[in-house]
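# A structural walkthrough
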Amino acid sequence: ANGNKIHIVYNGGTYTSNTVNASAANRITAIVSQPKNGTAKELFTLAYDTNHLLSSIITHNDLAADNHSKKLQFSYTSDSTGKYQLTQISRCAYVKADENTVGTWGTAQTEARYQYYDSSSDSNYRIKRIYDAESRYGLEYSYIKSDTGFRVYSWHEYAASSVNGTQTTGAKVRTWNT
């Protein structure tokens, strides 16, 4: 609006020479802001692993409240059939001794954990638990099989020290009549 632009950059290109390849798996690799009468700034950088899964998103320093870049890292597991499941999101900050030095990425802090039912259960590969490490709060789901597939049967919220920790649970909410 008003002459300002947001550029979506694909496949490691630049905002000025950005082409999508019709025969390739195109990936967003950056988001760039260009003010009407100003210099373009990269807002986010996205990276992918060798399986083409999103592995990190970097938020560049001028967007962060403390003026330091942040990186979200995504971790996955796969099973013998090649199905991938997001298991963890971690965060780390870019640490510099002072403005004149090159910084390094700090230690990753786990933000969120995801746990799934395994292939041996009736609810195979469906999300079982979602857990926020910072608040120590999570949700746990159970499923029921219906004539149209699986549906969430019930869920409850819980507090625990980890995704598998001893749960202090809230009320169970049933979402499906049997």
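Let me sum up the structure you'll find in this document. Small disclaimer: the values here were computed from a predicted structure and weren't measured. All chains use their own residue numbering, which begins from 1 and follows the written sequence. Per-residue local features are limited, in this predicted model, to residues with pLDDT of at least 70; the limit for side-chain atom pairs, both in listing and counting, is 80 or more; totals at the level of whole chains, interfaces and linings are taken over all residues. Hydrogens and water molecules were not included; the side-chain quantities draw on all heavy atoms of the structure.

On to the pairing of strand β6 (residues 84-95), then. Two strands pair when backbone bridges link them, and strand β5 (residues 70-78) and β6 are joined in this way by nine bridges, in the antiparallel orientation. Residue pairing in the sheet places Y76 in a bridge with L86 of β6. Two strands make a pair as long as DSSP finds a minimum of two bridges between them. For the purposes of this entry, the term helix denotes a DSSP run of H or I that reaches at least four residues, the term strand denotes a run of E that reaches at least two, and both are numbered from the N terminus. The antiparallel hairpin formed by β5 and β6 contains five residues in its connecting segment, where G82 sits at a positive phi of about 90°. As defined by bridge partners, β6 adjoins strand β8 (residues 109-116) across four bridges and the pair is classed as antiparallel. Across the sheet, residue R91 finds its bridge partner in β8, namely Q109. Relative to strand β7 (residues 104-105), β6 runs antiparallel, the two sharing two bridges. Looking at β7, one finds that Y94 is bridged to W105.

Next up on the list: the packing of aromatic side chains. The rule is short: rings of Phe, Tyr and Trp, with Trp giving its six-membered ring, pair when the centres are within 6.5 Å, and they are stacked under 30 degrees, edge-to-face over 60, tilted in between. For the structure shown, the criterion picks out two aromatic pairs. Plain terms: the ring middles of Y117 and Y143 are 5.9 Å apart, the flat faces sit at 80° to each other, and that makes the pair edge-to-face. With Y117 in the loop between β8 and β9 (127-132) and Y143 in strand β10 (residues 137-146), this pair connects stretches of sequence that are 26 residues apart. The same class applies to Y117 as to Y143, namely buried. Aromatic side chains Y131 and Y158 sit 6.2 Å apart centroid to centroid with 15° between the ring planes, which places their arrangement in the stacked category. Of this pair, Y131 sits in strand β9 while Y158 sits in strand β11 (residues 149-159); the two residues are 27 residues apart in sequence, bridging distant segments of the chain. Comparing Y131 with Y158 shows no difference in burial state: the two are buried. The ring of Y48 has R27 lying over it, and the distance from NZ or CZ to the ring centre is 5.9 Å. The buried label applies to any residue whose accessible area, calculated with a 1.4 Å probe on protein chains only, is under 20% of its type's maximum; exposed applies above 50%, and partly exposed to all values in between. As a reminder, the over-ring test applies to NZ of lysine and CZ of arginine, requiring each to be within 6 Å of the ring centre and within 35 degrees of the ring normal.

Bridge count for strand β3 (residues 41-48) against strand β4 (residues 54-59) is five bridges, and the pairing is antiparallel. The residue bridging T45 from the neighbouring strand is I58, located in β4. Connecting β3 to the next strand, β4, in antiparallel fashion are five residues, including H52 with a positive phi near 70°. As paired elements, β4 and β5 share four bridges and run antiparallel to each other. Across the sheet, residue I58 finds its bridge partner in β5, namely K71.

What follows deals with the environment of R129. The residue R129 is located in strand β9 in this model. R129 sits twelve residues away from Y117 along the chain, and the two C-alpha atoms are 8.9 Å apart. Apart from the residues within four sequence positions on either side, R129 is in contact with R113, Y114, Q115, L139, E140, Y158, V163, N164 and Q167. Within the structure, the side chain of R129 is placed 2.8 Å from the side chain of E140, a separation counted as a polar contact. Among the polar contacts made by the side chain of R129, one reaches the side chain of N164 at a distance of 3.1 Å. For this analysis, residues touch if any pair of their heavy atoms sits within 4.5 Å. Counting of polar contacts relies on pairs of N or O atoms within 3.5 Å, with two restrictions inside protein: one atom must be capable of donating a hydrogen and the other of accepting it, and residues adjacent in sequence are counted only when both atoms are side-chain atoms.

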